[in-house]
Amino acid sequence: MPVPILAARDVTKFYGKGAGRFDALKGVSLEIFEGESVAIVGKSGSGKSTLMHLLALLDRPSGGSIELSGSDAVLLTGTTLNTTRNRTFGFVFQQFFLTGGASVLENVILPLKIAGIGSRERKRRGLEALAALELEDKASNRASNLSGGQKQRAVIARALVNNPRIIFADEPTGNLDTATGAVVEDILFALNRDKGITLIVVTHDEDLAARCDRRIYIRDGLVVSTGSAVAA
Amino acid sequence: MRTIDVIGTAIDNSFRSKLRTTLTVIAIFIGAFTLTITNGLGTGINNYINNTVAAIGAQDVLTVTKVATDATTTGPKKYNPDLVAASGGGRPGTTVQALTPSDITTITNLTGVKSVQPTLSISPGYIQNGSGTKYTVTAIGAVPGITLQLASGSQLSSTSSQSQVVLAKSYVRALGLSSNSAAIGATVKIGVTDAARNSSTIDATVVGISEASLGAIADAATTNSALTQKLFDAQTVGLTGAAKDRFSQASVRFAGSASEAEVTKLKERLTKAGYSGQTVADQIGTFKTVIDVIVLVLNAFAVIALLAASFGIVNTLLMSVQERTREIGLMKAMGMSGSKVFGLFSFEAVFIGFLGSAIGAAVAILVGSGVSAALSGSVFSDLPGLTLIAFSPASIALIIIIVMAIAFVAGTLPAAKAARQDPIESLRYE
Ligand SMILES: Nc1ncnc2c1ncn2[C@@H]1O[C@H](COP(=O)(O)OP(=O)(O)OP(=O)(O)O)[C@@H](O)[C@H]1O
Ligand SMILES: [Mg+2]
C-alpha cells in the first residue's frame with residue numbers, strides 16, 4: 001500500500017481554554033494520496049478551514065498528528081518547516097490576497113522570491129505560469145486593475161509557480177460568478193490531471209465537490225463520511 | 001528570500017505610502033539638518049583655530065610664569081613688591097609674580113630647556129609716520145619662531161639687528177600709507193615715555209602688514225627682538241637692577257623634536273621649581289574646549305529632534321505592519337521566515353532614516369556653505385580664512401550612520417511585531 005502524501009491521525013484542535021474552550025476538531029483521521037483530488041465539504045463553522053490549516057502545516061494540532069509523506073510533521077521546525085511550506089504547498093484562498101499596488105507578475109513570483117530564486121529565473125517562470133492561465137498580457141498591470149476572475153487566475157498562477165506537490169484551495173470559487181467559477185475549476189482540475197498535483201479543495205459547493213475524486217464530509221469537527229455523496 | 005530581494009522589497013514598500021513616508025522623512029530631515037549644521041560649526045571654528053595657531057605662538061615654546069605664593073587665597077592679598085601685571089592672556093587686573101634674573105637662571109638650568117627669553121613688556125605711547133598724526137598703539141614683542149598671518153610683506157627676523165615692526169592692517173591708511181605693499185619698507189616713529197615722564201622716539205622699519213586673527217590683538221604692532229629691546233631700554237631709562245629686570249613671563253624654547261611626554265616632563269620640572277609652563281596647544285586647548293562644549297549642547301538639541309523623529313518612524317511602521325497584516329501572513333504561509341520579515345521592516349526603517357539623513361545633510365551642506373560664504377564676505381571679513389561652517393566627509397558619514405542606527409532601533413518594535421505574526425491569524429477572512 002502506498003504511503004499517503006498527507007495524513008491526519010486522530011487530530012484534535014481547540015481554541016481558548018477553561019469555560020471558553022471551543023473544540024473545532026474532535027478527532028479527525030484521513031489520508032490523502034499523491035495525485036488525488038479531494039474535497040473537504042461541510043457547513044459553515046464545521047471546521048473545514050481549521051483542518052486545512054493543520055494539513056498545510058500553518059498551525060499545530062492540539063492532539064493527534066499530521067504526517068507528511070509518512071513522517072510526523074511535528075519534527076519539521078524552523079528553516080525546514082519554512083522550506084517545506086514554500087516547496088510543497090501552493091495556496092488559493094477564498095480572498096485573493098494580491099498586493100493591489102504591485103504588478104501582476106510581482107504578485108505571482110512572490111513564492112519564488114521567498115524561495116531565493118534569482119530575478120531572471122523568477123521572471124521566466126512567472127511569465128510561464130501567467131501564460132498557462134492566459135494572463136501574460138496582464139503581467140505588468142497593477143493587480144488591483146484586474147477583474148475578479150482574472151484575480152483568481154493570478155492567484156492560481158501564484159499557487160503553481162513554484163511547482164508545488166499539493167495545492168490547497170479554500171472556497172476557490174466562492175467569490176466568483178458561476179461562469180467564471182467554472183473556468184477556475186477547470187484550470188484547477190487540469191493541473192491535477194496533467195501535472196499530477198494533489199488538489200485539496202475546501203468548499204460547501206456540492207457541484208465542485210462532485211468533480212473531485214473523493215469527498216470528505218465534516219460536521220461539528222468530526223468526519224461524518226468519505227467518498228459517498230451524502231449531503232452535508 | 002535573498003538579502004538583495006529583502007532590501008529591494010523594503011525600498012518598494014517604503015514608497016508604497018508616499019505621504020506617510022515623506023512626513024517621516026521630513027521629521028528626520030530636520031534632526032539631521034540641525035546635527036549637520038551644528039557639527040559644521042564646530043568643525044569650522046576648530047579648523048580656524050588650528051590654522052591660526054601659528055599666529056598665537058611658536059610650536060616649540062613654553063610660556064612660563066611664576067606661580068604666586070598666595071595664588072589660592074581669596075580676599076585681599078598681602079602686598080608683594082614682586083607682583084607685576086600679567087601681560088596678555090589673563091583677565092585685566094590679574095597679577096603674576098615677576099620673574100627676576102635669578103629665576104631666568106634657574107629655568108635655564110632645567111633639563112630640556114634650550115633657551116629662555118624673558119618677555120619684555122613694552123608700552124609705547126604712540127606711532128607716527130614722519131610728521132603726521134600720532135596714533136596710540138599696543139605693541140607685543142614677537143616670540144622667536146612665531147609665524148604671523150601676513151597680508152603682505154615678510155616675517156619678522158629675531159636675529160636681525162634692524163628694528164622691525166609688523167603693523168596691523170588698520171594702521172596703513174591712518175599713517176598715510178597708500179597701500180599694504182607701499183607700506184613695506186617705510187620707516188615709522190614709535191614714541192616711548194620713561195619712568196621720569198621723558199619722551200623719546202625710536203625709528204622702526206615696517207616689514208609686514210598683518211591680518212587680523214584670533215591670536216593677534218586688534219590694533220597691534222608686533223616688534224622683533226631688536227626693536228623690543230630698544231623700546232624696553234628707552235622706557236626703563238633711569239631704572240636700575242631689580243627695578244628694571246622684572247618680567248611678567250618668559251618664553252622657554254625646547255627641542256623641536258621633543259615628544260609630548262618629554263614636554264609634559266618639562267612642565268612637571270617647571271612646576272616643581274615653582275613655575276607654570278603652557279604650550280600653545282595648552283592655550284588653544286582651552287579655547288577648543290569651550291567651543292566643543294557649545295557644539296555638544298547644540299548637538300544635544302539636534303539629537304532630541306532626532307529622538308522625536310524616531311517615534312515618527314515607530315508610528316509609520318506600526319501603521320504599515322497593520323496595513324500589511326495579510327501580506328505578512330501570506331508571506332509566512334509561503335514559507336518566509338520570521339527573521340526575514342523582521343529584516344524587511346527594519347530595513348524599511350533604516351532606508352527611511354537614510355533618506356531623511358542624506359537629504360538633511362546635503363541641504364545642510366548647501367545652506368551652511370552659502371551662509372558661511374555670505375558671512376565671510378560681510379560680518380567676518382576681518383577674519384580672513386574663517387569658514388564658519390565647514391564640513392568633513394567623515395563627520396557627515398558618521399551623522400548618516402548614527403541616524404540610520406537610530407532608525408533601526410526605532411524599527412525593531414514594529415519589525416518584531418510583524419515577525420511574530422501568526423500566519424493563520426493574519427489570514428483569517430473578514
Ligand atoms: N482562532 C480561533 N479562536 C476561536 N475560535 C475559532 C478560531 N478559529 C476558528 N474558530 C472556530 O472554530 C470553528 C471552525 O472554524 P473554521 O474556520 O474551521 O470553519 P469553516 O468550516 O471553515 O467555516 P466556513 O465555511 O464559514 O469558512 C468555528 O466555530 C470558529 O468560530
Ligand atoms: Mg472556512
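My aim in this report is to walk through the structure given alongside it, one point at a time.

Conventions adopted
- Residues numbered from 1 in each chain as written.
- Chains lettered and ligands numbered in written order.
- Predicted model: local features only at pLDDT ≥ 70, side-chain atom pairs only at ≥ 80, totals over all residues.
- Heavy atoms only, no water.
- Contact = heavy atoms within 4.5 Å.
- Salt bridge = Lys/Arg side-chain N within 4 Å of Asp/Glu carboxyl O.
- Helix = DSSP H or I, 4+ residues; strand = E, 2+ residues; numbered from the N terminus.
- Nonpolar A, V, L, I, M, F, W, Y, C, P; charged D, E, K, R; others polar.
- Buried < 20%, exposed > 50% of the residue type's maximum accessible area, 1.4 Å probe, protein only.
- Pairing = 2+ DSSP bridges.
- Right-handed = clockwise from strand over helix to strand, strands pointing away.
- Arc of directions from axis to C-beta.
- Axes fitted to C-alpha atoms, helices over the stretch in contact; angles between N-to-C directions.
- Parallel < 35°, antiparallel > 145°, perpendicular 65-115°, else oblique.
- Left-handed = near helix turned anticlockwise from the far one by under 90°.
- Near = heavy atom within 4 Å.
- Polar contact = N/O pair within 3.5 Å; in protein donor to acceptor, adjacent residues only side chain to side chain.
- Areas by Shrake-Rupley, 256 points an atom, 1.4 Å probe, with all protein chains shown as cover.
- Lys, Arg positive; Asp, Glu negative; His and termini not counted.

### Some words on the interface of chain B and chain A
Here's step 1: Between chain B and chain A, the contact holds 21 residues from the first and 22 residues from the second.
Here's step 2: At the surface where chain B touches chain A, the tally comes to 1 salt bridge.
Here's step 3: Listed by contribution, the elements that provide at least two residues to the side of chain B that touches chain A are α1 (3–14), α10 (325–333) and α13 (423–427) of chain B.
Here's step 4: The dominant element in the side of chain B that touches chain A, judged by the number of residues it contributes, is α10 of chain B, at 6 residues.
Here's step 5: Of the residues assigned to the side of chain B that touches chain A, the class counts are 10 nonpolar, 3 polar and 8 charged.

### Topic: the pattern of salt bridges
Residue and element names in this part refer to chain A.
Here's step 1: As enumerated under the stated definition, the model contains 18 salt bridges over all chains in all.
Here's step 2: Residue E106 pairs with K113 through a salt bridge whose shortest N-O separation is 3.6 Å.
Here's step 3: When its relative accessible area of 35% is taken as the criterion, E106 is described as partly exposed.
Here's step 4: For K113, a relative accessible area of 10% puts it in the buried group.
Here's step 5: Salt bridges linked by common partners bring E121, R124, R125 and E128 together as one network.

### A few points about the pairing of strand β8 (residues 198–203) of chain A
All names here are of chain A.
Here's step 1: The buried fraction of β8 is high, at 6 of 6 residues.
Here's step 2: Side-chain alternation along β8 places T198, I200 and V202 on one buried face and L199, V201 and T203 on a second face that is also buried.
Here's step 3: Pairing of strand β3 (residues 37–42) with β8 involves 5 bridges; the strand directions are parallel. Paired with I40 across the bridge in β8 is V202.
Here's step 4: Of the strand pairs in this sheet, strand β7 (residues 166–170) and β8 are connected by 5 bridges, and their pairing is parallel. Bridging from a neighbouring strand, D170 pairs with V202 of β8.
Here's step 5: Taken together, β7, helix α7 (residues 178–195) and β8 constitute a β-α-β crossover, and its handedness is right-handed.

### Quick notes on helix α3 (residues 101–108) of chain B
The periodicity of an α-helix, 3.6 residues per turn, causes residues three or four places apart in sequence to face the same way.
Residue and element names in this part refer to chain B.
Here's step 1: Among all positions of α3, only D103, I104 and I107 are buried. Down the axis of α3, the buried set is contained in an arc of 100°. They therefore lie on one face.
Here's step 2: Each element contacted by the buried residues of α3 is listed here: β1 (61–66), β4 (113–119), β12 (249–254), α8 (260–272) and β13 (275–279).

### Section: the packing of helix α11 (residues 338–377) of chain B against helix α12 (residues 393–420) of chain B
Residue and element names in this part refer to chain B.
Here's step 1: Between α11 and α12, the shortest axis-to-axis distance is 7 Å and the interhelical angle comes to 150°. The angle between the axes of α11 and α12 places the two elements in the roughly antiparallel class. In terms of crossing hand, the pair formed by α11 and α12 is right-handed.
Here's step 2: Looking at side-chain class alone, the contact of α11 with α12 contains 19 nonpolar, 6 polar and no charged residues.

### Overview of the packing of helix α9 (residues 280–323) of chain B against α11 of chain B
A pair of packed helices is captured by two measures, namely the crossing angle of their axes and the spacing between those axes.
All names here are of chain B.
Here's step 1: Where α9 contacts α11, the axes come no closer than 11 Å and their chain directions differ by 140°. Relative to α11, the element α9 lies oblique. In this structure, α9 crosses over α11, and the sense of that crossing is right-handed. On the side of α9, the interface is formed by I313, L317, S320 and V321, while α11 contributes F345, E348 and A349.

### Brief notes about the site of ligand 1
Here's step 1: In the neighbourhood of ligand 1, 14 residues make up the surrounding shell, with S44, G45, K48, S49 and T50 of chain A lying closest.
Here's step 2: More than one chain reaches ligand 1: the nearby residues come from chains A and B.
Here's step 3: Here K48 of chain A contributes a side-chain N or O atom positioned 2.7 Å from an oxygen atom of ligand 1.
Here's step 4: Its free accessible area being 630 Å², ligand 1 has 69% of it covered by the protein chains.
Here's step 5: Secondary-structure elements contributing two or more residues to the shell around ligand 1 are β2 (22–32) and α1 (48–55) of chain A.

### What about the side chain of E171 of chain A?
Residue and element names in this part refer to chain A.
Here's step 1: Looking at the secondary structure, you find E171 in the loop between β7 and α7.
Here's step 2: Buried and unpaired, E171 has no salt bridge, with K48 as the nearest side chain of opposite charge at 4.6 Å.
Here's step 3: A distance of 3.3 Å separates polar atoms of two side chains, one belonging to E171 and the other to H204.
Here's step 4: When neighbours within four sequence positions are excluded, E171 is seen to be in contact with K48, Q94, V202, T203 and H204.

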